[in-house]
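# Observations on the model geometry
Here's the letter readout for the chains.
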Amino acid sequence: MVMATCVSSYAFAPGYVLIAYAAVFQRWRRDATWILLFLGAKLNALIFYHIMEFTSDTPPRHLVPYFAVEGPYLLSIALVLTRVGWGERNARQQEKQL
């Protein structure tokens, strides 16, 4: 499990850089496809991690601290999805104005 966590943290680094780039330069619409692919991979990794945790021989006993640590990952994914969606909506509104 430790090895998988280390590999995913380095493998996902380009995705984090892409999101930072999109945030700084307001390129949400242009990079939406790559951002959504990254978020899908990140969600897949999180779901796999939770399945492995809860089906292991020693599942987490205290769920509040467990999800308090894991919650920011899900919150960040939701915030980025919201921002990508707003970028698409704003682009459609601008096209209607033309």
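Residues numbered from 1 in each chain as written. Predicted model: local features only at pLDDT ≥ 70, side-chain atom pairs only at ≥ 80, totals over all residues. Heavy atoms only, no water.

### Some points on the overall build of the chain
From N to C terminus, the chain includes 4 helices and 0 strands. Reading the chain from its N terminus to its C terminus gives the helix and strand order α-α-α-α. Within the chain, the fraction of its 98 residues that count as buried is 21%. Expressed as a percentage of contacts within the chain between residues at least 6 apart in sequence, the contacts between residues at least 24 apart total 52%. Carbon and sulfur atoms make up 67% of the accessible area of the chain, which totals about 7300 Å². (Helix = DSSP H or I, 4+ residues; strand = E, 2+ residues; numbered from the N terminus. Buried < 20%, exposed > 50% of the residue type's maximum accessible area, 1.4 Å probe, protein only. Contact = heavy atoms within 4.5 Å. Areas by Shrake-Rupley, 256 points an atom, 1.4 Å probe, with all protein chains shown as cover.)

### Here we look at the nonpolar core
It is characteristic of soluble globular proteins that their nonpolar side chains tend to be buried jointly. Counting residues in hydrophobic clusters, the biggest one holds 12 residues: Phe12, Ile19, Ala22, Trp28, Ala32, Ile35, Phe38, Leu39, Leu46, Ile77, Val80 and Val84. Of all the secondary-structure elements, those providing two or more residues to this core are helix H2 (13–25), helix H3 (32–54) and helix H4 (63–97). The greatest single-element share of this core, amounting to 5 residues, is contributed by H3. Every residue in contact with isoleucine 77, bar those within four places of it in the chain, is listed here: Leu39, Lys42, Leu43 and Leu46. (Core = buried A, V, L, I, M, F, W, Y, C linked by side-chain atoms within 4.5 Å.)

### Looking at the pattern of salt bridges
A side chain of one charge can pair with a side chain of the opposite charge if their charged atoms are brought near each other. One pass over the full model with this rule turns up 1 salt bridge. Where arginine 30 meets aspartate 31, a salt bridge forms, and the shortest distance between an N and an O atom there is 3.5 Å. Note on aspartate 31: relative accessible area 6%, which makes it buried. (Salt bridge = Lys/Arg side-chain N within 4 Å of Asp/Glu carboxyl O.)

### Some words on a nonpolar patch on the surface
A grouping of Tyr16, Leu43, Ile47, Ile51, Tyr73 and Leu74 is seen on the molecular surface, where their side chains present a nonpolar patch of about 540 Å² in accessible area. The leading source of residues in the nonpolar patch is H3, at 3 residues. Structurally, tyrosine 16 can be placed in helix H2. (Patch = residues over 30% accessible without salt bridge, like charges linked within 9 Å, V, L, I, M, F, W, Y side chains within 5 Å.)

### Things to note about the packing of aromatic side chains
The geometry of two aromatic rings is summed up by the distance between their centres and the angle between their planes. Scanning the entire structure with this criterion turns up 6 aromatic pairs. Ring centres 5.3 Å apart and planes at 80 degrees place the aromatic pair phenylalanine 54 and tyrosine 66 in the edge-to-face group. Taken together, the positions of phenylalanine 54 in helix H3 and tyrosine 66 in helix H4 put the pair 12 residues apart, joining distant regions of the chain. Ring centres of phenylalanine 54 and phenylalanine 67 lie 6.1 Å apart, and the angle between their planes is 15 degrees; on these two criteria the pair is classed as stacked. Of this pair, phenylalanine 54 sits in helix H3 while phenylalanine 67 is found in helix H4, placing the two residues 13 residues apart along the sequence. (Phe/Tyr/Trp six-rings, centres within 6.5 Å; stacked < 30°, edge-to-face > 60°.)

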